[in-house]
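Take a look at the letters that make up each chain.
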Amino acid sequence: MMIWISAVELLDSLHGLLTGRSGYVSFSGADSSFAVRFRTTRKAVSVSGRAGLVARVGRAELAQAVLSAAEELAGRHLAAVPPQDGVARDYVTALDRFRLIAHATRPG
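In this text the structure is predicted, and so the values were computed from the model without any measurement.

Topic: the nonpolar core
Right, so step 1: By size, the foremost hydrophobic cluster in this structure holds 30 residues, and its most contacted members are Leu11, Phe38, Leu62, Tyr91 and Phe98.
Right, so step 2: If you list the elements that add at least two residues to this core, you get α1 (3-18), β1 (24-28), β2 (35-40), β3 (45-49), α2 (59-77) and α3 (86-104).
Right, so step 3: Setting aside anything within four residues of it in sequence, one finds Tyr91 in contact with Trp4, Ala7, Val8, Leu11, Ala70, Leu73, Ala74 and Leu78.

What follows is the structure, encoded as structure tokens:
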């Protein structure tokens, strides 16, 4: 899987889901067989894989879990991407944009 391109696509897709612009996201990792679907309901987001339902989580919980993983990926591996490679800039932009919506979905 082309992880950086896939991660940008996932962050952007989930941004649309969490802002209400989309109630359904089907994500397939670039150059891979990995696929997952997200569907919003009034109170939760259903997460399904090829074999069926994986989890039903609140929007804030999903946003925080994805943000945490995306930040960890960046912290551990983004420095290895050559600075002239546009994918690093795309990833940072998508992460910054997702961070805003993740913080906005926090309860309280």
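A closer look at α1
Residues three or four positions apart in an α-helix share a direction because the helix packs 3.6 residues into each turn.
Right, so step 1: Over its 16 residues, α1 runs 22 Å from end to end, which matches the ideal 22 Å to within 8%, given 1.5 Å per residue.
Right, so step 2: Listing the buried residues of α1 in full gives Trp4, Ser6, Ala7, Val8, Leu11, Leu14, His15, Gly16, Leu17 and Leu18.
Right, so step 3: On the buried face of α1, the contacting elements are β1, β2, β3, α2 and α3.

Quick notes on the environment of Thr19
Right, so step 1: Tracing the sequence through the fold places Thr19 in the loop between α1 and β1.
Right, so step 2: Assessed through its relative accessible area of 34%, Thr19 is described here as partly exposed.
Right, so step 3: Spatially, the C-alpha atom of Thr19 lies 7.3 Å from that of Ile101, the residues being 82 residues apart in sequence.
Right, so step 4: Side-chain polar atoms of Thr19 contact the backbone oxygen of Gly16, separated by 3.2 Å.

Digging into the pairing of β1
Right, so step 1: In β1, alternate side chains face the same way, and those of Val25 and Phe27 are buried while those of Tyr24, Ser26 and Ser28 on the opposite face are not.
Right, so step 2: Across five bridges, β1 lies against β2 in antiparallel orientation. Within β2, the position partnered with Ser26 by the bridge is Arg37.
Right, so step 3: Hairpin geometry of β1 and β2 is characterised by an intervening segment of six residues between the two adjacent antiparallel strands and by a positive phi of about 60° at Asp31.

Parameters at a glance
- Residues numbered from 1 in each chain as written.
- Predicted model: local features only at pLDDT ≥ 70, side-chain atom pairs only at ≥ 80, totals over all residues.
- Heavy atoms only, no water.
- Core = buried A, V, L, I, M, F, W, Y, C linked by side-chain atoms within 4.5 Å.
- Buried < 20%, exposed > 50% of the residue type's maximum accessible area, 1.4 Å probe, protein only.
- Helix = DSSP H or I, 4+ residues; strand = E, 2+ residues; numbered from the N terminus.
- Contact = heavy atoms within 4.5 Å.
- Expected span 1.5 Å × (residues − 1).
- Polar contact = N/O pair within 3.5 Å; in protein donor to acceptor, adjacent residues only side chain to side chain.
- Pairing = 2+ DSSP bridges.

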